[in-house]
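Chains, contacts and geometry: an overview
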Amino acid sequence: MGFAQLYYTSCEHGLSGYAGYQFNAATPGVDPRVLREVERFTVYEPPRSCERVDEHPVNLCYSPDVGGAPVLSRVVSSGDDPSGRPGNYFAHSLVAVGPEGSGPLPAELWEADFWAEEPVGDPGLSELPELSGLEVGPGPLDRRRTDAWVRSRPAEVVTRLLLAADDAVDDSRPLVLVADSASVAHWVAALSHLLPPRRARLLSFATYCGNPDEALVQVVGVPPGSDTALWRNRFTVYDPEEDPPDVLPAPDPRARAVADRLVRLGTRRAAVLWRRARPYASGREGALADWLPVLAAASLLDEDAPAREDLREVREWLSEAVEWLAPEDAAALVHRILDADAEASGEARAGAGLRGRRPVRNLVGAVEAGSGRTAYATPHSQGGDVLDRVLGEGAGGPSGAGVRAAAAAFGGAAGPSGGGPRAAVTALDTAPGAGSDGPCGGGPDGASGGGRGGVPGGRRGGTAGGGRGGPPSATGLLAEPPSGVLDPADLAELQRVAHRLGGAAGTTERLERVMVRRSLDDIAAGGGAPAVAPMRTESVREVARDRVAALLDGECGELAPDRAVVLLRWARASGLLPPEESLERYGGGVLAPLLAASHPPAPEARALVAAHPGVRRGAASHLAALPRERLSALAAGPVGALFADDRDGSSALLRELRLLATDNRSDPPGLLSYLVSVRREGRAAGAAGLAAHDVDEDLLTDVWGPGHGPRAALLALRVLRPGVLVAPGVGGWVAEAMTAPPEAGQERTWRELVDEVSRHWLRARLPESGRRVVVEWSEVRPSLVALRAAGGERAHERLAAVYAAVRGTHPAVEEVAWRLVVRVLLGCCQCSLLAEALRDCPAEVFEAYREAVAARLADDRPDTATAALVYLATRHRILAGHGRAGRLDASVLAPAVGGWRRRHLARMRRQLPRESAAGFDEWAQRSREPRRRRFLGLGPRTDERRS
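As the structure is a prediction and not an experimental result, all values here were calculated from the model. (Residues numbered from 1 in each chain as written. Predicted model: local features only at pLDDT ≥ 70, side-chain atom pairs only at ≥ 80, totals over all residues. Heavy atoms only, no water.)

1. Some points on the overall build of the chain
The helix and strand tally for the chain stands at 37 helices and 13 strands. Within the span of the chain, comprising 947 residues, buried residues form 51% of the whole. Across the chain, every contact between residues at least 6 apart in sequence was considered, and the portion connecting residues at least 24 apart equals 67%. Summing over all exposed atoms, the chain offers an accessible surface of approximately 42200 Å²; the carbon and sulfur share of this is 51%. (Helix = DSSP H or I, 4+ residues; strand = E, 2+ residues; numbered from the N terminus. Buried < 20%, exposed > 50% of the residue type's maximum accessible area, 1.4 Å probe, protein only. Contact = heavy atoms within 4.5 Å. Areas by Shrake-Rupley, 256 points an atom, 1.4 Å probe, with all protein chains shown as cover.)

Next comes the structure, spelled out in structure tokens:
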């Protein structure tokens, strides 16, 4: 690693070409940004309390990032500058130009021999050479001297200062040390030697600064006697000679554990510790707290008597550390943890005297004699102490046959012997590698007997031998009570580690035997489902899977849902789910009656239905046998909600009934289409209780309600694509909307429906009335189209063709045709054509036209154009004197005009020919005469409203 040099001072000759503060000399090629930052970084203000230049403090300052490069500078006071101004200083700076992490630590270069004391006087010598790593030799502050320095100070002071400096590296409060610059240099060197090597190079410092606010570093020294009151809000200010350690910030316990160990070791042995820990580090560790498990792992593998707290730290860290650890190291750590756990478990059981009886909640209920009812067993209800059987303890002390004992607790003393799932569980103790005292032979949790020679050792000296269950070692990282045996979560983490190691050194098999025994013990005692990963050892998998299936099938009595939730949660996490047939039998035989009788369902019932498709299928199949009314009520409530998101066809009937009960009918075609897919899924799965067809008239009525119109039939028709299984009655349901005259405004939808049916495959399934409507509409429709397209001179001829085509057709066809003719007449603008059409049209058309005109004229904003046209048509020579003209005048025009306001009457008059004005005024006066009379004929009105 090389170092570029920089000289900075106030001088007459420098790199700037003028007198004043400037770089006096420099190694060529230094980035200008670095030069600018170094100039600010090395500003020096002599202390005012000291007038002698030779007594001014030396500032050795370092930062890993000054303009993008690590810079170490030594700044000394130099008295007056060449112009006679006081306060000049000289800064000699080193800029790293090679890879970081090599060479001496910055603090070790205090008072090193290579530092320059004054600038160059010859401008020709302004180019400074680059210093090599060998030339930048360390000063007096090596590890031997800092070790003596640390041991001469109170350990608590060193620990708290180390933690404060460690926090400062992570942008916490900078540390201000009130001491002379030499003492500050010693402190910085000592702290650097204790910190991890890479972190030590991140610690920026200045051994002297007059104003810490201007020193952008993490540790800064100020002279004794400085007024520090203004800095205490922004800095951690500490006088190592005067202040007690408690004035420093309270440390993090994990960081404190590491710092205590480092301070006990001292700076020389700390270097050895960091070298030992390096193989186990990920490279991402930063603060001291991050190193706690790494140092614990080094201790666990390299020391003979690991502390219990070290075991805990390693256990929590190992699941992540397996990514970078050597496989043999990770496997050795797993075995060391299991060894210690087995020892602690044996000691705990021996000390607690577990032969004494305590309440245990059995996994299943015992059938009460003579009652047929199921109840939870007591610890002694089956002729012996369940806990003794669970833990496998006999007269001779703890036996390791935990899984066999758990099976006895599951099955009860009266269960079958010699075979079946119970015998399979016993096989855990006789599987290859198992000894007489437990699943793996040895300790109660499968520890490998008295001597652990088969377990891979650590990096230096193998695993701990038997009998290492003594008190925590003095090298333990956390001074807390031992945690005791591993809990299920700890075992699950170790299992994941073993799986990622591929079972190296037998870790997977050993762990899974321990886990199965512990899990069965916990569940049998009424505990929750321990967290596990899928089991990979086939012998363990087979035994545990058979036992779970036997419990669900009721081998030991009906399994309560809360216990089934726990058992199946553990089985699923372990990859040991029983056959689907067992789940379906449990869902139908146990869960379905509970769902039918409970409102709302119990939480454990909801959990079983949600998590296990087999249980859901069995429950849905048995619920489908309920009466339809009862099942519909269940489907609409909380029970139906359990199956609402199911995608298994077995629950199709429940899902259909729930949708029909809860849908808001904002999209009936979408609802019908979805129900068709639900029925098809259910039919493919053989679901019970389903209708025989994808669509039937009952389903259509449920979707659209009774009394459906043409729009409902049209939308339903578009859902009936080829391939949909349609019931015979669907044709009649569609025909109902075609054979009844549509409501006003629905004529167009009715026509679209008939046209759609004429092209649809369902036409062949229509009843006779529906087919008649389709045929007759197809015959009438061309004449209506021709009428709408006809000009004025051919309108009468086209109307006659329509009358002839409509005569004798189905009432629905006839009604729609007459409404369309009326619409054409309302759009007619020629008086003569209208008069002729009104004279010759059928009575039904005339009556419909009369009602339509009356509606237009009775509005608050009457159609005065239509009124004027009808007025002229009734007085046209073609219609004048005809009875229909008089009826229109008497029953439509006169009543409407008589109630109009004057502005409406004036608007109608403006739309009449000029020659008709006089006659219209006289007619209008007669029509409005009743309005001029007072109420009940008591005289003329005098308060007529004016517009």
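Anyway, onward from the coordinates.
2. Details of helix H17 (residues 580-597)
In this model, H17 (18 residues) spans 25 Å end to end at C-alpha, consistent with the 26 Å of a helix rising 1.5 Å per residue. Among the residues of H17, those classed as buried are Ser-582, Leu-583, Tyr-586, Gly-587, Gly-588, Val-590, Leu-591, Ala-592, Leu-595 and Ala-596. Of the surrounding secondary structure, the elements contacted by the buried residues of H17 are helix H15 (538-552), helix H16 (561-574), helix H18 (603-611), helix H19 (613-623), helix H20 (628-636) and helix H21 (638-643). (Expected span 1.5 Å × (residues − 1).)

3. Structural notes on the nonpolar core
Across soluble globular proteins, you tend to see nonpolar side chains buried next to one another. Formed by 148 residues in total, the largest nonpolar core has its most connected members in Leu-288, Leu-595, Leu-623 and Phe-643. The dominant element in this core, judged by the number of residues it contributes, is helix H6 (residues 253-277), at eleven residues. Filtering out sequence-adjacent residues up to four positions away, Leu-288 remains in contact with Leu-162, Leu-163, Asp-166, Leu-195, Pro-196, Ala-255, Val-258, Ala-259, Leu-262 and Trp-274. Residues Trp-704, Leu-714, Leu-820 and Val-821 belong to the second largest nonpolar core, which totals 88 residues. (Core = buried A, V, L, I, M, F, W, Y, C linked by side-chain atoms within 4.5 Å.)

4. Remarks on the pairing of strand E2 (residues 20-26)
The buried fraction of E2 is high, at six of seven residues. With six bridges joining them, strand E1 (residues 3-11) and E2 adopt antiparallel strand pairing. Bridging from a neighbouring strand, Ser-10 pairs with Tyr-21 of E2. (Pairing = 2+ DSSP bridges.)

5. Here we look at the side chain of Ser-574
For Ser-574, the position within the fold is in helix H16. A polar contact of 2.8 Å, which involves the side chain of Ser-574, links it to the backbone oxygen of Trp-570. With residues near it in sequence (within four places) discarded, Ser-574 still touches Val-532, Ala-533, Pro-534, Met-535 and Arg-541. (Polar contact = N/O pair within 3.5 Å; in protein donor to acceptor, adjacent residues only side chain to side chain.)

6. Examining unusual backbone geometry
Phi angles above zero are rare outside glycine, and Glu-111 is one such case at about 55°. Within the secondary structure, Glu-111 sits in the loop between strand E5 (88-96) and helix H2 (143-151). The exposure class of Glu-111 is partly exposed, given its relative accessible area of 35%. Positive phi is not limited to glycine here, since Arg-665 has a value of about 60°. Position of Arg-665 among the secondary structure elements: in the loop between helix H22 (652-662) and helix H23 (668-685).

7. Section: the pattern of salt bridges
A full pass over the atoms with the stated rule returns 52 salt bridges. Notably, a salt bridge pairs Glu-752 with Arg-748, separated by 3.6 Å at the nearest N-O pair. Remark: Arg-748 and Glu-752 occur in helix H27 (residues 747-759); sequence separation between them is four residues, near one turn of the helix. What you see here is one network of salt bridges that share partners, running through Glu-156, Arg-160, Asp-246, Arg-256 and Asp-260. (Salt bridge = Lys/Arg side-chain N within 4 Å of Asp/Glu carboxyl O.)

8. Examining the sheet that holds strand E4 (residues 69-79)
Strand order across the open sheet formed by nine strands is E2-E1-E5-E4-E3-E7-E8-E6-E9, with mixed pairing between neighbours. Every other strand in the sheet has two partners, leaving E2 and strand E9 (236-238) as the edge strands with one partner each. Pairing of strand E6 (residues 175-178) with E9 involves three bridges; the strand directions are parallel. When the sheet's bridge partners are listed, Leu-177 is paired in E9 with Tyr-238. Along the sheet, helix H1 (residues 32-41) contacts E1, E2, strand E3 (59-66), E4 and E5; its crossing angle with E3, the most-contacted strand, is approximately 145°. (Axes fitted to C-alpha atoms, helices over the stretch in contact; angles between N-to-C directions.)

9. Digging into the confidence of the model for the chain
Overall, the predicted model of the chain reaches an average pLDDT of 81, with 82% of residues at or above 70. Confidence drops under a pLDDT of 50 for residues 354-483, and excluding neighbours within four residues, the segment shows 276 contacts in the predicted structure. (pLDDT = per-residue confidence, 0-100.)

10. Some remarks on helix H34 (residues 883-898)
A rise of 1.5 Å per residue sets the reference length of H34, with its 16 residues, at 22 Å; its end C-alpha atoms lie 21 Å apart and thus fit the reference within 8%. Of all the bends in H34, the greatest, near 35°, is centred on Asp-889. All of the buried residues along H34 are Arg-884, Ala-885, Leu-888, Asp-889, Val-892, Leu-893, Ala-894, Ala-896, Val-897 and Gly-898. (Bend = angle between axes of the 7 residues up to and from the residue.)

11. Examining the packing of helix H29 (residues 795-806) against helix H30 (residues 811-826)
Packed helices, taken two at a time, are described by their axes: the angle between them and the distance between them. Relative orientation of the contacting elements H29 and H30 amounts to 170°, with a least axis distance of 10 Å. Taken together, the axes of H29 and H30 are roughly antiparallel relative to one another. Every residue of H30 that contacts H29 at Leu-799, Val-802, Tyr-803 and Val-806 is listed here: Glu-814, Ala-817, Trp-818, Val-821 and Leu-825. Taken together, the residues of the contact of H29 with H30 sort by class into eight nonpolar, no polar and one charged. (Parallel < 35°, antiparallel > 145°, perpendicular 65-115°, else oblique. Nonpolar A, V, L, I, M, F, W, Y, C, P; charged D, E, K, R; others polar.)

12. Things to note about the packing of aromatic side chains
According to the stated counting rule, one finds 18 aromatic pairs in the structure shown. Centre to centre, the rings of Tyr-8 and Tyr-89 are 6.3 Å apart; their planes meet at 35°, and the pair counts as tilted. Remark: Tyr-89 occurs in strand E5 and Tyr-8 occurs in strand E1; sequence separation between them is 81 residues. Neither residue differs from the other here; Tyr-8 and Tyr-89 are each classed as buried. A centroid spacing of 5.7 Å and a plane angle of 85° characterise the contact between Trp-149 and Trp-187, whose relative ring orientation is edge-to-face. Of this pair, Trp-149 sits in helix H2 while Trp-187 sits in helix H4 (residues 181-194), and the two are 38 residues apart along the sequence. Just as Trp-149 is buried, Trp-187 falls in that class too. Three or more aromatic residues joined by ring pairs form one cluster here, namely Tyr-8, Tyr-21, Phe-23, Tyr-44, Tyr-89 and Tyr-208. The ring of Trp-149 carries the charged tip of Arg-153 above its face, separated from the ring centre by 3.5 Å. (Phe/Tyr/Trp six-rings, centres within 6.5 Å; stacked < 30°, edge-to-face > 60°. Lys NZ or Arg CZ within 6 Å of the ring centre and 35° of its normal.)

13. So, the environment of Ser-916
Tracing the backbone through its elements, the reader meets Ser-916 in the loop between helix H35 (902-910) and helix H36 (917-927). Assessed through its relative accessible area of 19%, Ser-916 is described here as buried. Spatially, the C-alpha atoms of Ser-916 and Leu-872 are 8.6 Å apart, while their sequence positions differ by 44 residues.

14. Structural notes on the side chain of Asp-696
Summarising the element assignment, Asp-696 is placed in the loop between H23 and helix H24 (697-704). Those residues in contact with Asp-696 that lie beyond four places of it in its chain are Arg-679, Ala-691, Ala-727 and Val-730.

15. Examining the packing of helix H26 (residues 729-739) against H27
Packing of H26 against H27 leaves a shortest axis separation of 10 Å and a crossing angle of 140°. One way to sum up the angle between H26 and H27 is to call them oblique. Crossing of H26 over H27 shows left-handed handedness. For the pair formed by H26 and H27, the contact residues are Val-734, Ala-737 and Met-738 on the first element and Trp-750, Leu-753, Val-754 and Val-757 on the second. Here the residues of the contact of H26 with H27 are counted per class, giving seven nonpolar, no polar and no charged. (Left-handed = near helix turned anticlockwise from the far one by under 90°.)

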